[in-house]
2 protein chains.
Amino acid sequence: MKSERLIYLPLGGAGEIGMNAYVYGYGAPGKERLILVDMGVTFPDMDGAPGVEVIMPDITWLEERVSRLEAIFITHAHEDHIGALGHLWPKLKAKVYARKFTAAIGKLKMDELGHPTDAIVTVGARPDVVEAGPFRVQFVPLSHSIPESAALIIDTPAGRVVHSGDFKLDRSPVVGEAWDDALWQSVADEAPVRALMCDSTNVFSTHPGRSEATLAEPLAELIKASEGMFVATTFGSNVARLKTLAEAAVAADRTICVMGRSMKRMLSVAESTGVLTSFPRVVSTEDALEVPRRNLMLLVTGSQGERRAAAAALSRGKYLGHELKRGDTFLFSSRTIPGNEKGVYKIWNEFSEKGVRVVDDAGGLYHVSGHANRPDLEHVHRLLLPDMLIPMHGEHRHLTEHARIGSEGGIATQVAVNGMMVDLTGEHPKVVEYVETGRLYLDGTVLIGAMDGVIRNRIRMALNGHVLATVILDEAGEPLGEPWVEIMGLTPTGKGGRDLAETMEAELDEWMGRAGRKVLKNDDKVEDDMRRIIRQVAVEEIGKKPEVTVVVSRLLPE
Amino acid sequence: MKSERLIYLPLGGAGEIGMNAYVYGYGAPGKERLILVDMGVTFPDMDGAPGVEVIMPDITWLEERVSRLEAIFITHAHEDHIGALGHLWPKLKAKVYARKFTAAIGKLKMDELGHPTDAIVTVGARPDVVEAGPFRVQFVPLSHSIPESAALIIDTPAGRVVHSGDFKLDRSPVVGEAWDDALWQSVADEAPVRALMCDSTNVFSTHPGRSEATLAEPLAELIKASEGMFVATTFGSNVARLKTLAEAAVAADRTICVMGRSMKRMLSVAESTGVLTSFPRVVSTEDALEVPRRNLMLLVTGSQGERRAAAAALSRGKYLGHELKRGDTFLFSSRTIPGNEKGVYKIWNEFSEKGVRVVDDAGGLYHVSGHANRPDLEHVHRLLLPDMLIPMHGEHRHLTEHARIGSEGGIATQVAVNGMMVDLTGEHPKVVEYVETGRLYLDGTVLIGAMDGVIRNRIRMALNGHVLATVILDEAGEPLGEPWVEIMGLTPTGKGGRDLAETMEAELDEWMGRAGRKVLKNDDKVEDDMRRIIRQVAVEEIGKKPEVTVVVSRLLPE
């Protein structure tokens with residue numbers, strides 16, 4: 001067995017928060033049997049990937065070794081863990097294991113893209129075991145901000161690995177399983193933990209995390225004290241929060257109406273899989289129109305300011321017949337993810353203009369995080385006493401900080417970002433290989449590589465504008481007509497009110513008169529010269545250097 | 001006098017944080033003599049204005065009434081108050097009044113754009129008075145995060161207005177004048193304050209603001225305890241912070257080196273105008289290379305993650321010969337403005353990869369805000385006892401909240417956003433007119449209107465890509481050659497690996513074969529049909545609907 005090894009290779013999620021995809025392998029070097037944990041997406045923005053739908057990890061490394069892939073495991077149904085399933089599964093076609101709720105969400109995603117839903121296998125929690133080549137994998141329930149989140153115990157001939165998934169230490173999570181010290185103690189007692197791969201999201205939060213249950217009272221008070229319509233937004237997948245809000249609404253004599261596809265879907269799956277029971281009665285948006293404002297609560301999507309979601313739609317005006325006005329209250333029962341502030345504040349300001357009172361979590365009363373804070377992480381380190389700690393689910397700064405506190409606790413640590421293959425077989429974690437990783441963009445319906453240049457060109461057009469020039473020449477280099485310029489995304493008038501396109505055309509025309517036949521016979525030369533002239537004019541007239549596309553058409557004189 | 005009135009009209013800065021520009025007027029309705037307070041910019045982002053340099057208020061309303069404009073006053077030298085001076089002054093050409101430091105910065109801005117620096121008049125603080133038509137204006141020193149910030153007392157025949165500018169209640173501000181209760185008491189005693197226009201930035205901060213002086217000790221301790229090179233970033237205009245940092249460095253046996261044009265400029269102007277004295281000796285970046293790391297502190301620009309500033313440059317690698325490494329410390333002595341998080345975290349992560357320790361203000365030790373918090377605002381309300389409070393310098397949500405606390409204190413309030421003209425003459429503030437306002441973009445060297453569509457086209461190209469199609473026809477509608485397609489910012493291959501441009505060309509060619517002469521003789525019809533076909537192919541092949549530019553060339557057959 002000496003020559004066999006246990007490896008860990010993040011392809012996504014390590015060095016970033018998003019698009020989780022972690023590979024484990026066991027076997028002779030280069031011949032390891034593999035499993036993949038999670039297939040997540042991350043979300044694009046205008047700065048990095050304008051117009052892109054979602055971003056997912058480039059799993060080429062795994063695709064090239066797909067014959068060695070035993071199985072895929074999904075820890076929970078958040079998009080950054082399951083969102084890429086439908087897009088990437090066809091490249092792998094392995095069995096996908098998940099617990100009931102997660103599997104149900106996964107099947108919907110597979111079905112939407114026409115893939116077989118029976119590729120997804122629903123498994124029970126520990127002590128149930130999935131055998132996958134040299135791996136014996138158990139799903140261990142823990143608390144997070146979505147039902148049925150699970151850590152994985154991955155037993156291998158080289159020892160036990162615990163892959164935490166996303167978690168918090170919530171002993172009263174309202175919906176789903178509580179964090180259970182005894183359970184985790186038994187996991188550690190049963191077999192020593194060789195390596196803990198651990199969520200790092202909240203490593204910079206220095207106070208112990210709070211329980212979902214602490215929100216019930218403040219939310220109930222807030223809702224009870226509100227006069228008009230009450231509208232609350234949170235993540236659609238935070239079923240526990242939806243239940244807390246709904247129960248508070250009922251206690252305040254309010255009827256509940258849910259707006260937003262993703263939230264409805266989550267509630268429906270949570271009820272059909274039995275993870276959510278006794279959720280209060282919900283009425284349709286139409287029926288809600290008949291309910292007095294004072295007796296209504298809307299639960300809506302869009303807590304991150306998403307323009308197309310219900311919260312933003314309501315902030316702009318009437319939506320599905322409902323309109324907020326003075327006296328109503330809108331609650332962000334959520335935290336704004338860095339980068340989403342502008343969208344969230346836009347909603348707030350729109351409501352402010354309508355006289356709607358907006359409440360957020362500034363006072364720390366109406367939201368709790370789904371991730372373990374620093375003291376909670378330290379508690380888990382002490383409970384599991386792993387030989388090694390590899391922080392995951394974090395930007396580099398989170399991983400480094402998490403490793404630092406692990407080292408301080410006497411654990412061998414290694415910061416491993418996407419593409420770093422770590423050998424877990426020895427005394428210490430050891431980086432043994434650097435694998436090329438990257439991002440795939442879903443652009444429209446097509447997957448493109450982040451480095452293909454397609455998106456770079458879009459960004460350039462956004463920054464610099466785009467000028468198109470066409471010229472028609474015959475084979476001998478004789479111009480047929482004059483050069484023609486179209487501009488897109490640039491001011492049409494330059495200095496002194498001159499028409500920018502006409503100024504460019506005049507310069508191009510003059511150049512054509514000057515340029516010899518030899519130049520005009522050479523397409524590349526024509527393009528280069530025309531591009532240069534267009535940029536010169538643009539810099540001089542408007543101080544910008546646009547992207548330029550030149551089309552040289554060659555016609556045979558008839 | 002009955003028929004004369006005192007008006008207030010924000011053209012920028014009310015309903016947003018940025019591009020401050022406030023008009024006051026006194027006289028018969030429609031004939032008021034006017035003054036303008038501040039001419040600021042705001043900064044663009046990829047979401048709203050890709051490729052734009054800065055954004056400033058559209059002052060068309062004032063331009064059309066420029067004969068009635070008496071003067072311009074600048075409260076302080078932050079970009080959101082003075083940044084548009086050089087760009088907009090030519091439209092107004094009025095005298096600009098400011099205190100010494102602010103005037104010096106203003107002159108640099110005027111000079112850079114070739115405008116006369118003597119348009120800027122340096123004035124002393126109260127009791128000095130500037131007479132401008134019916135207005136008597138005094139600059140009243142107060143504390144902020146830049147030297148010589150001033151509130152304005154604007155005395156009119158209709159009473160006294162206090163325009164707060166940006167301020168905080170700092171009784172020990174390190175550099176510049178302290179907040180002075182006695183001074184403000186005397187302002188209120190001297191003449192009743194009819195209206196207070198007041199900074200609303202920090203109205204949601206519920207604790208009293210802290211003094212700049214509280215930072216000296218924690219900063220000194222942090223710097224002293226650090227092993228390697230110490231690098232700190234803050235706003236270049238926060239001269240007090242630079243002084244505190246520099247003095248802490250000297251106490252820790254460190255030599256100071258300043259990196260970044262704007263920071264150097266601020267320090268130089270602060271010293272030459274006498275607002276900054278006894279700043280420790282600074283060495284050049286070259287000389288700093290000779291200083292042992294343990295004895296060096298760099299003060300650098302780029303606290304908001306700006307890609308071109310020194311902080312980001314250092315995070316990427318060697319910059320001006322200096323490179324950070326394991327054992328060094330980088331301090332954000334700043335707060336991240338919402339929207340800039342990604343850029344700031346990028347720097348943090350880059351440093352984390354190099355092993356550089358990054359410290360920020362998460363613990364509340366290394367930064368204080370320059371704006372008055374809620375209890376401070378309430379203190380000022382009580383001190384000045386204005387008849388009316390008009391909140392300014394805030395998004396709608398800040399203005400609303402500020403008005404709410406004013407009302408609770410018994411003051412008549414009015415939320416007035418850009419374009420709302422408020423009559424301050426009566427018992428209560430009264431909105432009397434809605435004026436069209438907007439934004440001007442400096443794009444390259446040209447000012448364009450935000451609603452011109454230029455930037456909208458750039459955003460569309462960024463989201464959807466751009467397809468250009470050219471076709472050559474003769475006057476009779478006879479095609480000369482085949483349609484030609486170029487794509488920019490779209491994946492070159494569609495379904496099944498087909499070339500996207502070729503697929504479009506084939507469809508266009510087929511259409512040309514089908515289309516009758518009548519269609520092909522009509523340029524508009526040709527363009528519409530070609531655009532439609534291109535979009536159809538794009539939607540089918542790649543699921544996107546691109547921007548399309550069609551160039552129809554008509555040649556006479558020879």
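Because the structure is a prediction, the values reported are computed rather than measured.

Lay out the packing of aromatic side chains with the relevant residues and their values.
Across all of its chains, the model carries 20 aromatic pairs over all chains by this definition. Each ring, one from Phe167 of chain B and one from Trp179 of chain B, has its centre 5.7 Å from the other, and the planes form 25°; the classification is stacked. On the criterion of sequence distance, the pair formed by Phe167 of chain B in the loop between strand E12 (159–163) and helix H5 (181–190) and Trp179 of chain B in the loop between E12 and H5 is long-range, its members being twelve residues apart. Each member of the pair, Phe167 of chain B as well as Trp179 of chain B, is classed as buried. Taken together through their ring pairs, the aromatic side chains of Tyr8, Tyr22 and Tyr24 of chain A make up a single cluster. Over the ring of Tyr345 of chain A we find Arg397 of chain B, and its NZ or CZ is 3.6 Å from the ring centre.

Before we move on, can you summarise the pattern of salt bridges with the specific residues and values?
Using the criterion set out here, one finds 64 salt bridges over all chains in the structure. Of the charged contacts in the structure, one is a salt bridge between Arg241 of chain A and Glu212 of chain A, with a shortest N-O distance of 2.6 Å. With Arg241 of chain A in helix H7 (residues 239–251) and Glu212 of chain A in the loop between strand E13 (193–199) and helix H6 (216–225), the pair connects residues that are 29 residues apart, well separated along the chain. Classification of Arg241 of chain A as buried rests on a relative accessible area of 0%. Note on Glu212 of chain A: relative accessible area 5%, which makes it buried. With a closest N to O distance of 2.8 Å, Asp443 of chain B and Lys544 of chain A form a salt bridge. Separated into two different chains, Asp443 of chain B in strand E25 (residues 439–443) and Lys544 of chain A in the loop between helix H17 (523–542) and strand E29 (547–555) make up a pair that spans both. On the basis of relative accessible area, Asp443 of chain B is assigned to the buried category, the value being 2%. When salt bridges with common partners are traced through the structure, they connect Arg126, Asp155, Arg160 and Glu190 of chain A into a single cluster.

Can you break down the relation of the copies chain B and chain A residue by residue, with the values?
For the pair chain B and chain A, the superposition axis carries a translation of 0.0 Å, the fit reaches an RMSD of 0.1 Å, and the rotation angle comes to 180°. What the superposition gives is, in effect, a two-fold axis relating one chain to the other.

Please provide a residue-by-residue account of unusual backbone geometry, values included.
Most peptide bonds take the trans configuration, and most residues that are not glycine carry a negative phi. All names here are of chain A. Residue Pro127 is reached from Arg126 by a cis peptide bond, and omega for that bond is 20°. As for its position among the elements, Pro127 is in the loop between strand E8 (120–122) and strand E9 (130–132). One non-glycine residue, Leu320, lies in positive phi territory at about 50°. Within the chain, His393 stands out as a residue other than glycine whose phi angle is a positive 50°.

Lay out the sheet that holds strand E24 (residues 430–434) of chain B in plain terms, naming residues and giving numbers.
Strands pair in a sheet through their backbones, by hydrogen bonds, and they do so in one of two ways: parallel or antiparallel. All names here are of chain B. Strands sit in the order E8-E7-E6-E4-E3-E1-E23-E24 across an open sheet of eight strands; the sheet is mixed. The open sheet is flanked by strand E8 (120–122) and E24, the only strands paired with a single partner. With strand direction ignored, the average angle separating the axes of adjacent strands in the sheet is 25°. The sheet contacts of helix H3 (residues 85–92) involve strand E4 (33–37), strand E6 (69–73), strand E7 (96–98) and E8, and relative to E6 the element is tilted by about 170°. Docked against the sheet, helix H4 (residues 100–112) engages E7 and E8, running at close to 160° with respect to E8.

For the interface of chain B and chain A, give the residues involved together with the corresponding values.
Tallying the contact residues gives 57 residues for chain B and 57 residues for chain A. Regarding the contact of chain B and chain A, the summed buried area is about 5,100 Å², with carbon and sulfur atoms giving 65% of it. Contact with chain A buries surface across chain B, with Met46, Arg397 and Met488 of chain B losing the most and accounting together for 14% of the total. Inspection of the chain B/chain A interface yields four salt bridges. Between Asp45 of chain A and Lys342 of chain B there is a salt bridge, and its shortest N-O distance comes to 2.7 Å. Elements with a minimum of two residues in the side of chain B that touches chain A: helix H11 (341–354), helix H13 (396–408), strand E26 (446–449), helix H14 (454–464), strand E27 (466–474), strand E28 (484–488), helix H17 (523–542) and strand E29 (547–555) of chain B. At eight residues, the largest contribution of residues to the side of chain B that touches chain A is made by H14 of chain B. Broken down by class, the residue content of the side of chain B that touches chain A amounts to 24 nonpolar, 19 polar and 14 charged.

Run through the pairing of strand E1 (residues 5–12) of chain B, naming residues and quoting values.
Residues in a regular strand project their side chains so that they alternate between the two faces of the sheet. Residues and elements named next belong to chain B. Counting buried residues in E1 gives eight out of eight residues, a clear majority hidden from the surface. As defined by bridge partners, E1 adjoins strand E3 (residues 21–27) across seven bridges and the pair is classed as antiparallel. Following the sheet pairing, Leu9 is matched in E3 by Val23. Pairing between E1 and strand E23 (residues 420–423): two bridges, direction antiparallel. When the bridges of E23 are listed, Ile7 appears paired with Asp423.

An account of the packing of helix H6 (residues 216–225) of chain B against helix H7 (residues 239–251) of chain B is needed here, citing residue identities and associated values.
All names here are of chain B. Relative orientation of the contacting elements H6 and H7 amounts to 45°, with a least axis distance of 9 Å. Relative to H7, the element H6 is oriented oblique. The crossing of H6 and H7 is right-handed. In this structure, H6 contributes Ala216, Leu219, Ala220, Ile223 and Lys224 to the contact, and H7 contributes Arg241, Thr244, Leu245, Ala248, Ala249 and Ala251. Split into classes, the residues belonging to the contact of H6 with H7 amount to eight nonpolar, one polar and two charged.

Which residues make up the side chain of Thr470 of chain B, and what values go with them?
Within the secondary structure layout, Thr470 of chain B lies in strand E27. In this structure Thr470 of chain B touches Thr470, Val551 and Ser553 of chain A together with Glu482, Pro483, Trp484 and Val551 of chain B, once residues within four positions along its chain are discounted.

Can you tell me about the pairing of strand E27 (residues 466–474) of chain A, naming the residues and giving the values?
Residues and elements named next belong to chain A. Burial of E27 is extensive: nine of the nine residues sit out of reach of the surface. Side chains of E27 alternate between two faces, with His466, Leu468, Thr470, Ile472 and Asp474 and Val467, Ala469, Val471 and Leu473 buried alike. As judged from the five bridges shared by E27 and strand E28 (residues 484–488), these two strands associate in the antiparallel manner. If you follow Leu468 over to E28, its bridge partner there is Glu486. The pairing of E27 with E29 spans nine bridges and is parallel. From the neighbouring strand, Leu468 faces E29, where its bridge partner is Thr549.

With reference to specific residues and values, describe the packing of helix H4 (residues 100–112) of chain A against helix H8 (residues 261–272) of chain A.
All names here are of chain A. For the pair H4 and H8, interaxial distance at closest approach is 9 Å and the crossing angle is 130°. Our classification of the angle between H4 and H8 gives oblique. Every pair of crossing elements has a handedness; the one defined by H4 and H8 is right-handed. Counted together, Phe101, Ala104, Ile105, Leu108, Lys109 and Glu112 of H4 and Arg261, Arg265, Met266, Val269 and Ala270 of H8 form the full contact between these two elements. When its residues are assigned to classes, the contact of H4 with H8 shows seven nonpolar, no polar and four charged.

Please provide a residue-by-residue account of the confidence of the model for chain A, values included.
Per-residue pLDDT for chain A has a mean of 96; in total, 99% of the residues score no lower than 70. As scored by the predictor, the complex reaches a pTM of 0.95 and an ipTM of 0.94.

Before we move on, could you go through the sheet that holds E28 of chain A and cite the residues and values that matter?
All names here are of chain A. Pairing in this open sheet of three strands is mixed, and the strands run E28-E27-E29 from one edge to the other. In this open sheet, the two strands that pair with only one neighbour each are E28 and E29. Sheet twist, expressed as the average angle between the axes of neighbouring strands with direction ignored, equals 15°. Contacting E27 and E29, H17 runs over the sheet at an angle of about 140° to E29.

Before we move on, could you go through the side chain of Thr75 of chain B and cite the residues and values that matter?
All names here are of chain B. Mapped onto the secondary structure, Thr75 falls in the loop between E6 and helix H2 (79–82). The exposure class of Thr75 is buried, given its relative accessible area of 1%. Of the polar contacts made by the side chain of Thr75, one reaches the side chain of His76; its length is 2.9 Å. Thr75 has contacts with Val37, Asp38, His81, Thr102, Glu148, Ser149, Ala150, Leu152, His163 and Gly165, leaving out every residue within four places of it along the chain.

Break down the environment of Gly449 of chain A for me, with residues and values.
Residues and elements named next belong to chain A. As for its position among the elements, Gly449 is in strand E26 (residues 446–449). Looking at Gly449, the relative accessible area reads 17%, which means it is buried. The spacing of Gly449 and Asp58 is 391 residues in sequence and 7.8 Å in space, taken between C-alpha atoms. Those residues in contact with Gly449 that lie beyond four places of it in its chain are Arg439 and Leu440.

Quick notes on the rules
Residues numbered from 1 in each chain as written. Chains lettered and ligands numbered in written order. Predicted model: local features only at pLDDT ≥ 70, side-chain atom pairs only at ≥ 80, totals over all residues. Heavy atoms only, no water. Phe/Tyr/Trp six-rings, centres within 6.5 Å; stacked < 30°, edge-to-face > 60°. Helix = DSSP H or I, 4+ residues; strand = E, 2+ residues; numbered from the N terminus. Buried < 20%, exposed > 50% of the residue type's maximum accessible area, 1.4 Å probe, protein only. Lys NZ or Arg CZ within 6 Å of the ring centre and 35° of its normal. Salt bridge = Lys/Arg side-chain N within 4 Å of Asp/Glu carboxyl O. Least-squares fit on C-alpha atoms with pLDDT ≥ 70 in both. Pairing = 2+ DSSP bridges. Axes fitted to C-alpha atoms, helices over the stretch in contact; angles between N-to-C directions. Contact = heavy atoms within 4.5 Å. Buried area = accessible area lost by both parts, 1.4 Å probe. Nonpolar A, V, L, I, M, F, W, Y, C, P; charged D, E, K, R; others polar. Parallel < 35°, antiparallel > 145°, perpendicular 65-115°, else oblique. Left-handed = near helix turned anticlockwise from the far one by under 90°. pLDDT = per-residue confidence, 0-100. Polar contact = N/O pair within 3.5 Å; in protein donor to acceptor, adjacent residues only side chain to side chain.

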